[in-house]
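# Geometric and topological summary
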Amino acid sequence: MTSSKRLDGRGFEETREIEAKIGIVKRADGSAMFRMGKTVAYAAVYGPRDLYPKFLQNPEKGIMRCNYNMMPFSGQGERVRPGPSRRSREIGMVTEKALSSVVNLDEFKNAVVDVFIEFPQTDAGSRCTGICAAALALADAGITMKDLVAAVAVGKVGDRLAVDLSYEEEALKDPDTTDIPMAFVPSTGEIVLLQMDGIISKDELMEAIELGKNACKKLNEIQVAALKKKFEVDKNE
Amino acid sequence: MSDNHILKNLESGTRFDGRKLLEYRKIEIKFDVSVNAEGAARVILGDTEVLAGVKVEMGTPYPDIPEEGVLMVGAELLPMSNPDFESGPPSIHAIELARVVDRGIRESKCVDFKKLCITPNEKVWTVCLDLVPVNDDGDLLDAFGLAGLAALKTMKFPKVDGDKIDYHEKTSAGIELRNLPIPVTVCKIDKYFIVDPSNEEEPAIEARLTVTSLEDGSLCALQKGGDKPLTSEDISTMVDIAIEKGKELRRVFESATKHR
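All of these numbers come straight from a predicted model, not from anything done at the bench.

Quick notes on the rules
Every chain is numbered on its own, with residues counted from 1 as its sequence reads. Labels are handed out in written order, letters beginning with A for the chains and numbers beginning with 1 for the ligands. Residues qualify for local features only when their pLDDT is at least 70, as the model is predicted, and side-chain atom pairs are given and counted only at 80 or more; totals for whole chains, interfaces and linings, by contrast, use all residues. Values shown for side chains rest on all heavy atoms present in the structure; no hydrogens or waters enter the calculation. Per the convention used, a helix needs a DSSP run of H or I reaching at least four residues, while a strand needs a run of E reaching at least two, with both numbered from the N terminus. Contacts are assigned to residue pairs that have any heavy atoms within 4.5 Å of one another. When two parts are put together, the accessible area they lose, computed with a 1.4 Å probe and summed over both, is reported as buried area. Within this document, salt bridges are pairs made up of a side-chain nitrogen of Lys or Arg and a carboxyl oxygen of Asp or Glu, the two lying within 4 Å of each other. Every definition here rests on a 1 Å grid over the protein atoms only: cavities are sets of points where a 1.4 Å probe fits but cannot get out, pockets are open sets enclosed by protein on both sides within 12 Å along at least five of seven lines, and lining residues have some atom within 4 Å of a point. Grid points are joined across faces, edges and corners, and a volume is the space filled by probe spheres set on the points. Angles run from 0 to 180 degrees between N-to-C directions of axes, and those axes are lines fitted to C-alpha atoms, restricted for helices to the stretch in contact. Angles are sorted into four bins: roughly parallel if under 35 degrees, roughly antiparallel if over 145, roughly perpendicular if 65 to 115, and oblique for all others. Here is the rule for handedness: rotate from the far helix to the near one, and if that takes an anticlockwise turn smaller than a right angle the crossing is left-handed, while a clockwise turn gives right-handed. In this classification, the charged set is Asp, Glu, Lys and Arg, the nonpolar set is Ala, Val, Leu, Ile, Met, Phe, Trp, Tyr, Cys and Pro, and all remaining amino acids, among them Gly, are polar. Pairs of strands are assigned from DSSP output, requiring at least two bridges between the strands. Helix span, expected: 1.5 Å multiplied by one less than the number of residues in the helix. Only centres within 6.5 Å qualify two rings of Phe, Tyr or Trp (six-membered ring in Trp) as a pair; their planes then separate them into stacked at under 30 degrees, edge-to-face at over 60, and tilted for everything else. Type-normalised accessible area, obtained with a 1.4 Å probe on protein chains alone, sets the label of each residue: buried when under 20%, exposed when over 50%, and partly exposed for intermediate values. pLDDT: the predictor's confidence for each residue, scored from 0 to 100.

Moving on, we come to the side chain of B:Lys245. Mapped onto the secondary structure, B:Lys245 falls in helix 4 (residues 232–257). Residues contacting B:Lys245, with those up to four places away along its chain left out, are B:Leu22, B:Glu23, B:Tyr24, B:Val184 and B:Val195.

So, in structure tokens, the structure goes:
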């Protein structure tokens, strides 16, 4: 792709339409919806709560568990079989690592915080959308955090780097799109998730990371605005 | 809230949330769930929120019914929706919910399975209806029942290209629902009957009866639950309640799906 526009008309550094909403699952201790284009993530946080069986408890620090799950009707193609897959377990694990770097686990020794991330609709970038939602849900649950986490996938589409790939871009062949999901701590710029599928040079990778960092600053503004909105509503009640 | 407290409320004729004994919470049916599903619906029942989605696949028919398509109903009690739900294989509770919704649809014959046949003996549609809660504040079954029907009624088959399904292109063909099997769960606490229990009321339920009724007042599926027995008088009263409430839910369903 050498044109100046992307398949859906976006600029190369432009994300899809973003929407964030706090408090979508009343029973949860914290919850949020985060939407990037047609990818919608719901995240619900329960805890800190008791962890059983007891041998799993850690007296040194709390435990956070992240569960990534696509609803059976959420995918672009065939029905997604319910239950964990190798893919969903790996994504749950990297999500956990991304978020645990900002969560103060020392505050809930022996206990667990469970983060459930569910997708009613997906269109590429689901792990990043899920991380953005989960960070908001943790904040909504009042878990002590040093910052939020924002995530985006940057890719090499044709010969151009592009931010926040759509499914259509991700699926392109000849050359295959390179997909680099990444997550940042917005205040420090630290990288807490980095994966890649595809071929890229080191220079391009470093450039992609800068693009991702900038995009995540914008995502973070939307996250913060959503949290503030919830806070203001509470004040009026 | 203790069972005693709930009972005291029932004696006064008003539940703790201000509802009458046989009053449903506000019901909303929306269709903003998933553009990737062939059909999908969201049902909001007070603070209970559930999603239903339809995906279709092509498969071979069962040998004993070579000219009929297949319907599969599944329910997954997502741990997101209730702190007591755990990840893992479907609990018996989830299996019951899916089977009772399935039974209503199947036995009402609202879906013409012959119309789900593509090539007799060879190729039929497999219609997968999946039900999930987003927030469980009680009465999942009745919410699943409405959501499942709404998803089926508004679904559109994808385009077929030889042996392959083009999931990105929907046709105008859907599933005609010849009837509307509406499940209503009537619950008994002491000598009182209630519908649409909230999550706080559910533990106090001694017995429940889900009655799936059709427009003409006939019944197409039943499921008794709970630990306590019911008398035949109880059943008679509960069926009457379910048919009456079924009419109410049917009106809500029809006005929500009319322009879809």
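What follows concerns the interface of chain B and chain A. The partner chain A presents 29 residues to the 32 residues of chain B that form the contact. Buried surface at the junction of chain B and chain A, summed over both partners, amounts to about 2600 Å²; 55% is from carbon and sulfur atoms. Linking chain B to chain A there are three salt bridges. For A:Arg79, the salt bridge identified is with B:Asp130, shortest N-O distance 2.6 Å.

Considered as a void within the structure, the largest pocket measures approximately 640 Å³ in volume. Around the largest pocket, the lining comprises 29 residues; the ones closest to its centre are A:Lys21, A:Gly23, A:Ile24, B:Arg42 and B:Glu49. At the level of elements, strand 1 (18–22), strand 2 (30–36), strand 3 (39–50) and strand 5 (111–121) of chain A together with strand 2 (39–45), strand 3 (48–59) and strand 6 (123–135) of chain B are the ones that each hand at least two residues to the lining of the largest pocket. Examining the composition of the lining of the largest pocket, we find that four residues originate from one element, strand 2 of chain A, more than from any other.

Residues and elements named next belong to chain B. Packing of helix 2 (residues 92–108) against helix 3 (residues 140–154) leaves a shortest axis separation of 10 Å and a crossing angle of 50°. Judged by the inter-axis angle, helix 2 sits oblique to helix 3. Taken as a pair, helix 2 and helix 3 cross one another with a handedness that is right-handed. Two secondary-structure elements touch here, helix 2 through Leu 97, Val 100, Val 101 and Ile 105 and helix 3 through Leu 140, Leu 141, Phe 144, Gly 145, Leu 149 and Leu 152. Here the residues of the contact of helix 2 with helix 3 are counted per class, giving nine nonpolar, one polar and no charged.

It is worth spelling out empty space enclosed by the protein at this point. All names here are of chain B. If you walk through the whole model with that rule in mind, you get one cavity of 30 Å³ or more. Estimates place the volume of the largest cavity at around 40 Å³. Around the largest cavity sit Val 100, Val 101, Gly 104, Ile 105, Gly 145, Leu 149, Pro 181, Pro 183 and Thr 212, which together line it. Elements with a contribution of two residues or more to the lining of the largest cavity: helix 2 and helix 3. Residue contributions to the lining of the largest cavity peak at four residues, all from helix 2.

Turning next to the sheet that holds strand 3 of chain A. All names here are of chain A. Reading across from one edge, 1-2-3-5-4 is the order of the five strands in this open sheet, with mixed pairing throughout. The open sheet has two edge strands with one neighbour each: strand 1 and strand 4 (63–70). Geometrically, the sheet is characterised by an average inter-axis angle of 15° between neighbouring strands, direction not taken into account. The sheet contact formed by strand 3 and strand 5 spans eight bridges and is antiparallel. Across the sheet, Tyr 42 pairs through a bridge with Glu 118, a residue of strand 5. Most of the contacts of helix 1 (residues 86–100) go to strand 4, to which it runs at about 140°, and overall it touches strand 4 and strand 5. Helix 2 (residues 126–140) rests against strand 1, strand 2, strand 3, strand 4 and strand 5 of the sheet, and its axis sits at about 150° to strand 2.

Hydrogen bonding along the main chain pairs the strands of a sheet, whether they run parallel or antiparallel. All names here are of chain B. Read across the sheet, four strands follow the order 10-9-11-12 without closing on themselves; strand pairing throughout is antiparallel. Of all the strands in the sheet, just strand 10 (192–195) and strand 12 (219–225) have a single pairing partner and so form its edges. Going across the sheet, the axis of each strand differs from the next one's by a mean of 20°, ignoring polarity. In the sheet, strand 11 (residues 207–213) pairs with strand 12 via six bridges, with the strands oriented antiparallel. The residue bridging Thr 212 from the neighbouring strand is Ala 221, located in strand 12. Relative to strand 10, helix 1 (residues 3–11) is tilted by about 95°, and along the sheet it contacts strand 9 (182–189) and strand 10. Packed on one face of the sheet, helix 2 meets strand 11 and strand 12 and runs near 160° to strand 12.

The next subject is helix 2 of chain B. Residue and element names in this part refer to chain B. Compared with an ideal rise of 1.5 Å per residue, which puts 17 residues at 24 Å, helix 2 spans 24 Å between its outermost C-alpha atoms and is within 8% of the ideal. Where helix 2 is buried, its residues contact strand 4 (70–75), strand 6, helix 3, strand 11 and strand 12. Downstream of helix 2 by a residue or two, Lys 109 has a phi angle that is positive, lying close to 55°.

Turning our eyes to something else, we now look at the packing of aromatic side chains. Evaluation of the coordinates by the stated rule reveals three aromatic pairs over all chains. Look at A:Tyr68 and A:Phe119: their rings are 4.9 Å apart centre to centre, the planes differ by 50°, and that puts the pair in the tilted class. Residue A:Tyr68 is located in strand 4, and its partner A:Phe119 is located in strand 5; the two are separated by 51 residues in the primary sequence. By relative accessible area, which is 0% here, A:Phe119 ends up buried. Between the aromatic rings of B:Trp125 and B:Phe157, the centroid separation amounts to 4.8 Å while the plane-to-plane angle is 35°, which identifies the pairing as tilted. Of this pair, B:Trp125 sits in strand 6 while B:Phe157 sits in the loop between helix 3 and strand 7 (158–161); the two residues are 32 residues apart in sequence, bridging distant segments of the chain. Exposure remark for B:Trp125: the relative accessible area of 8% places this residue in the buried category. On the accessibility criterion, B:Phe157 (7% relative accessible area) is buried.

Before going further, it helps to spend a moment on the confidence of the model for chain B. Counting all residues, the mean pLDDT for chain B is 95, and 100% of those residues have values of 70 or more. Note on the complex model: pTM 0.94, ipTM 0.92.

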